[in-house]
Amino acid sequence: MSEGENTLYPVPARLHDASQCPEPYVKSVEQYKEMHRESIENPEKFFGKLANELLTWSKPFTTVKHGGLEHGDAAWFLDGQLNASYNCVDRHAFADPNRVAIIYEADEPNQSENITYGALLRDVSQLAGVLRARGIKKGDTVAIYMPMIPEAVIAFLACARIGALHSVIFAGFSAEALRDRVQDAGCRLVLTADQGKRGGKTIETKRIVDEALKACPSVETVIVCQRTGADVPMTPGRDYWWNEETSKRMTYLTPEPMSSEDPLFLLYTSGSTGQPKGVLHTTAGYLLGAAATVKYVFDYHPNDIFACMADVGWITGHSYIVYGPLALGATTVLFESIPTYPTPARYWELIAKHKVTQFYTAPTAIRALRRLGDEWVEGHDLSSLRVLGTVGEPINPEAWHWYNDKVGKGRCAIVDTYWQTETGSHIVTPLPGAIPTKPGSATVPFFGIDLAILDPVTGKELVGNDVTGVLAVKKAWPSMARTVYGNHQRYLETYLKPYHGFYFTGDGASRDGDGYIWIRGRVDDVINVSGHRLSTAEIESALIMHHSVAETAVIGAPDDVTGQCIHAFVCLKPGISQHSTDLTKELILQVRKVIGPFAAPKKIYLVEDLPKTRSGKLMRRILRKIIAGEADSLGDISTLADPSVVEVLIAKVAKA
Ligand code: 6R9
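Everything numeric in this text was worked out from a predicted model, so none of it was measured. (Residues numbered from 1 in each chain as written. Predicted model: local features only at pLDDT ≥ 70, side-chain atom pairs only at ≥ 80, totals over all residues. Heavy atoms only, no water.)

## With respect to the UniProt feature "domain: Acetyl-coenzyme A synthetase N-terminal" (unreviewed entry) in the chain
Rules: UniProt positions are given in the numbering used here, feature names are shortened, and annotations may be inferred rather than shown by experiment. The secondary structure listing takes helices from DSSP runs of H or I that are at least 4 residues long and strands from runs of E that are at least 2 residues long, numbered from the N terminus.
As annotated in UniProt, the feature "domain: Acetyl-coenzyme A synthetase N-terminal" (unreviewed entry) corresponds to residues 32-88 in the numbering used here. Counted over residues 32-88, helix gives 47% and strand 18%. Its end C-alpha atoms are 27 Å apart.

## A word on the UniProt feature "domain: AMP-binding enzyme C-terminal" (unreviewed entry) in the chain
The UniProt entry lists residues 538-617 under the feature "domain: AMP-binding enzyme C-terminal" (unreviewed entry), expressed in the numbering used here. Strand forms 32% of residues 538-617 and helix 26%; the C-alpha atoms that close the span are 18 Å apart.

## A word on helix 5 (residues 150-162)
For an α-helix the count is 3.6 residues per turn, leaving residues at separations of three or four pointing the same way. As a reminder of what qualifies: Expected helix span is computed as 1.5 Å times (number of residues minus one). Classification of residues uses two cut-offs on accessible area relative to the type maximum, computed with a 1.4 Å probe and protein chains only: under 20% is buried, over 50% is exposed, and between them is partly exposed.
In this model helix 5 runs 19 Å from its N-terminal to its C-terminal C-alpha over 13 residues, within 8% of the 18 Å that 1.5 Å per residue would give. Counting buried residues in helix 5 gives 12 out of 13 residues, a clear majority hidden from the surface. Once helix 5 finishes, Gly163 follows within two positions and takes phi at roughly 80°, a positive value.

## Here we look at the site of the ligand
Rules: Distances are taken per atom, and a residue is near a molecule or strand as soon as one of its heavy atoms is within 4 Å of it. Only the protein chains shown count as covering a residue, and every accessible area follows the Shrake-Rupley method with a 1.4 Å probe. Asp, Glu, Lys and Arg are counted as charged, while Ala, Val, Leu, Ile, Met, Phe, Trp, Tyr, Cys and Pro are counted as nonpolar; the rest, among them Gly, fall into the polar class.
Neighbouring residues of the ligand: 17 residues in total, closest Asp416, Thr421, Asp507, Arg522 and Arg533. For the ligand, whose accessible area on its own is 530 Å², the fraction buried by protein is 96%. Of all the secondary-structure elements, those providing two or more residues to the shell around the ligand are helix 10 (315-327), strand 20 (413-417) and strand 25 (517-522). Considered class by class, the residues forming the shell around the ligand number 6 nonpolar, 6 polar and 5 charged.

## Some thoughts on the environment of Ala599
What counts, and what does not: Contact between two residues is taken to exist if any of their heavy atoms lie within 4.5 Å; hydrogens are not considered.
Take Ala599: it is sitting in the loop between helix 16 (581-594) and strand 30 (603-607). For Ala599, a relative accessible area of 0% gives the class buried. On a C-alpha basis, the gap between Ala599 and Arg161 in space is 34 Å, while along the polypeptide they are 438 residues apart. For Ala599, the residues in contact, after removing those within four places along its chain, are Leu534, Ile566 and Val591.

## Overview of the nonpolar core
Note the threshold: Among the buried residues, those of types Ala, Val, Leu, Ile, Met, Phe, Trp, Tyr and Cys that are joined through side-chain atoms within 4.5 Å form a nonpolar core.
Of all hydrophobic cores here, the largest spans 126 residues; its most connected members are Phe77, Leu120, Leu157, Leu191, Tyr323 and Leu431. Per-element tally for this core: the top contributor is helix 5, with 10 residues. Grouped together as the second largest cluster of nonpolar side chains are 45 residues, Tyr145, Ala185, Val219 and Val224 included.

## Regarding the packing of helix 4 (residues 117-133) against helix 5
Two numbers describe a pair of packed helices, the interaxial angle and the distance between the axes. Applicable threshold: In this description, a line fitted to the C-alpha atoms serves as the axis of each element, helices being fitted only across the stretch in contact, and the angle between N-to-C directions of two axes falls anywhere from 0 to 180 degrees. Roughly parallel refers to an angle under 35 degrees, roughly antiparallel to one over 145, roughly perpendicular to one between 65 and 115, and oblique to any angle outside these ranges. Crossing handedness: left-handed means the near helix sits turned counterclockwise from the far one by under a right angle, and right-handed means the same turn made clockwise.
For the pair helix 4 and helix 5, the least separation of the axes is 8 Å and the interaxial angle reads 60°. For the element pair helix 4 / helix 5, the angle class is oblique. Here helix 4 and helix 5 pass one another in a crossing that is right-handed. Of the residues in helix 5, those in contact with Leu120, Leu121, Asp123, Val124, Ser125, Leu127, Ala128, Leu131 and Arg132 of helix 4 are Ile154, Ala155, Leu157, Ala158, Cys159, Arg161 and Ile162. When its residues are assigned to classes, the contact of helix 4 with helix 5 shows 12 nonpolar, 1 polar and 3 charged.

## Some remarks on the sheet that holds strand 19 (residues 387-391)
Threshold: A pair of strands is labelled paired if DSSP reports no fewer than 2 bridges between them.
Read across the open sheet, the 7 strands follow the order 5-4-17-16-18-19-20; overall the sheet is mixed. In the strand order of this sheet, the two ends are held by strand 5 (113-116) and strand 20, each with one partner. Ignoring which end each strand starts from, the neighbouring axes of this sheet average 20° apart. Sheet topology note: the strand 18 (residues 358-361)/strand 19 ladder contains 4 bridges and is parallel. Across the sheet, the residue bridging to Phe359 is Leu388, located in strand 19. Running at roughly 75° to strand 5, helix 4 makes contact with strand 4 (100-105) and strand 5 of the sheet.

## Here we look at the pattern of salt bridges
Stated formally: Any carboxyl oxygen of Asp or Glu that lies within 4 Å of a side-chain nitrogen of Lys or Arg is treated as forming a salt bridge with it.
All chains considered together, the criterion is met by 44 salt bridges. With a shortest N-O distance of 2.7 Å, Glu336 and Arg227 are connected by a salt bridge. Placement of Glu336 in the loop between strand 17 (331-335) and helix 11 (346-354) and of Arg227 in the loop between strand 11 (221-225) and strand 12 (239-241) is noted, with a sequence separation of 109 residues between them. Owing to a relative accessible area of 18%, Arg227 belongs among the buried residues under this scheme. Here Lys248 makes a salt bridge to Glu245, at a shortest N to O gap of 3.1 Å. One salt-bridge network, in which partners are shared between bridges, spans Lys137, Asp140, Arg188 and Glu220.

## A short note on the environment of Glu108
On the secondary structure map, Glu108 appears in the loop between strand 4 and strand 5. Sequence-wise, Glu108 and His66 are 42 residues apart; in three dimensions their C-alpha atoms are separated by 49 Å. Beyond its immediate chain neighbours, meaning those up to four positions away, Glu108 contacts Tyr341 and Arg346.

## Quick word on unusual backbone geometry
Leaving glycine out, the prevailing phi sign among residues is negative, and the prevailing peptide bond configuration is trans. For the peptide bond that leads from Tyr341 to Pro342, omega is -5°, which places it in the cis range. The topology assignment puts Pro342 in the loop between strand 17 and helix 11. Positive phi values are uncommon outside glycine, yet Asp79 reaches one of about 70°. Within the fold, Asp79 resides in the loop between strand 2 (75-78) and strand 3 (81-82).

## Structural notes on the sheet that holds strand 24 (residues 503-511)
Spatial ordering of the open sheet is given by 21-22-24-25, a layout of 4 strands whose pairing is antiparallel. A single partner strand is all that each edge strand has here, and the edge strands are strand 21 (451-454) and strand 25. Across this sheet, the average inter-strand angle for adjacent strands is 45°, counted without regard to direction. Bridging between strand 21 and strand 22 (residues 467-473) involves 4 bridges; their strand directions are antiparallel. Its bridge partner lying in strand 22, Ala452 is registered against Ala472.

So this is what it looks like as C-alpha cells:
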C-alpha cells in the first residue's frame, strides 16, 4: 500500500500481563473474528444480549431488529423503553454517588474541578426542571451553543431527561451559521453561556447568540450560564440566568420514559451541498453503539479515566465525552483548552495529573505537537495510559510512530478509529487486546458492521483482498443515523440511493492483502481540515455573498499539519481591482463570519477565469493538480472551453 507501511505491529505484551493491565475483553484475532461473525450472522442474539448487558430498560424490548437499508427504515429494540439520562447518570449515582463522573480541566490549568455522579444527577434534574418550566416538552428541539464547561454536558443530559432533542452547535460557528441551524430545527430554547475561554482567549458567546437570534422567531427562551461573569446584555422576557433558574428547581426530576426509536438528538454536518444536514440519532441504538465502543474499542474497565480531547460540538464529543463513557459509569475528562496552552505540554500534564488510561485525539493535534519537539512530552509520567486513539482523518505513519513511541512508549495500544457523524460510533477500528495494527490503517470492521468495498462506477461489490473502491456497509447497525431532520428524502438520496441496498460513506477505501482497511479520504466535495468536516459548496456560497465576487472554486489542498487546508480561487466582478491586499483579507473575514474561524481559507487566489468545460462544468480536478504542483500531469485539457486559463492559473499559484 503506497501511503502507509505494511508492517504489522503486535498487541503490546503489557496488555496481556494481568499484573499490569486488566484483562482485555477481546483477547485475540480469533475471538474478534468469532464475535464479529456472530454479530453479522445473528445480530438479534448478539445485540439483544449486549443491549441488556450495557443498558438499563424501563420496559424490555421485544424485537431486536426491524427494517434495514433497502427502504431506509432500520429500527432497533422495538417496544423497549429507556431514558439516556437515566442510563448515563441515575443508575451510577444510585450505585455510588461519590464516583467522579466529569473531570473538568478548565482553560487555566489550576482551575480543574471534579463532578460526582451524585452532583450530576442533581444538576441534570434541576436544568431539566427549568426546561419543563419554560414549556419544553418531549419532541421539542433545544439548541446548545456552549463552551467546554460541565454545564454543556449537563445540558445534553437535561434535554435527554425530558425527551427533548438537543441540537448542539459547535461554539466556533459564527452567528450566521448558528442562526441557520436554529432556524432549520425550529429550536424553542437556547442554552448558552456569557463567554467562553479557550487558550487564554475570551469568546463572546452570548453576543454571538444575540446576533443569531435576531432572525430566529421560534426561540422563546435563552438560558445563560456564567462562565466568566462578564456583564452581557440580557433581553427581558427571553433571557434568564442559569443559576437563578436552576436553584428554583427540585433536585430530582423523574426521567421521561422514551421508546427506543424516539429521537435523542440532531447534529448538523456538512455534505456535498451548501446546506448542512441535521443528522438524527435515536435513543437506544445510538446509546448502545457509543457504550459498546467505549467498552470494546477503548477496552474500558471500571476505575479507568477516559479522556477524549474533542469538542462536545462534534459527534466525537457526543459519543466519547458524553454518552459512551457516562453510559458505562466512567470518569470522563472535559478539556476546555487547546493542546498548546499554556505550553505544548498541556496534554501530557493533563494525562499525568488525572492518571488518564484512555486518551483520544486527532492526527492534526499529534502532527502539530510532534513538530514542536519531543522535549514537551518527555519527562511526564504517562505510565497510566493503556489505549491511545485517533479520529477524524487518516493518520500518517510518521505521526503514528511518534504517538506510539513518544506518548505510548511502545506499551499502549493505538486505535485508529474510522467513523462519521452518521454512523454514531466507530465502524472500522482495531480492538486493543486483539488486533495487530498497521500505521495508517483503521484495520477491521467493528461488531455489527458488514463492510463492503464497491466499484464506484458499477456499484458492484469488490470481494476479496487487494481491492480499492468506495466504502459502504451492507446491513443496518444499531447506532446509524435514522434520517436527516425534516428531510428523509435527502437521507435516502445521500446515503442509501447511491448504491442500492448499501449505506454509502462518501469515503474511498482499500482492503489490502491482509484484509486491512485503509481509508483514502472523501470521494465527494467534502474537505477535512483538522478533522473538521466542511463542504466546498458551503465555503463557496459564503464567498459569493461578498459584493465583489463573481464566481469561486474552493478545493482542499494537502497540508502537513491540518491534513487538508482550504484554497479558494475567486473571480471578481468586472471593474474590481485584483490588486487590493485588503480584498483578500476581507474575503477571509467573510468566510469567518458566515461559517466560523475554523473554515477560513489558507490561500485566496484572485483570478480572471476558472477552468471550465464547454458545458460550463467547473473542473476542480485541474485546480487540485495545479495546487499539488502536478501541472505536468493535468491529463486531457482539450475539453476546456478555454485551455489557456490553465497557464495563467499555474503562474498565479507559483507566484502566491
Ligand atoms: C468522527 C468524525 C467523518 C469523516 C469521514 C472520513 C473522516 C474520520 C477517520 C477518517 C480516516 C479515520 N474520518 N475518522 N478518515 N481515518 N480514522 O470525524 O465524524 O466529522 O462526521 O467526519 O471524517 O472522511 O467520512 P465527521
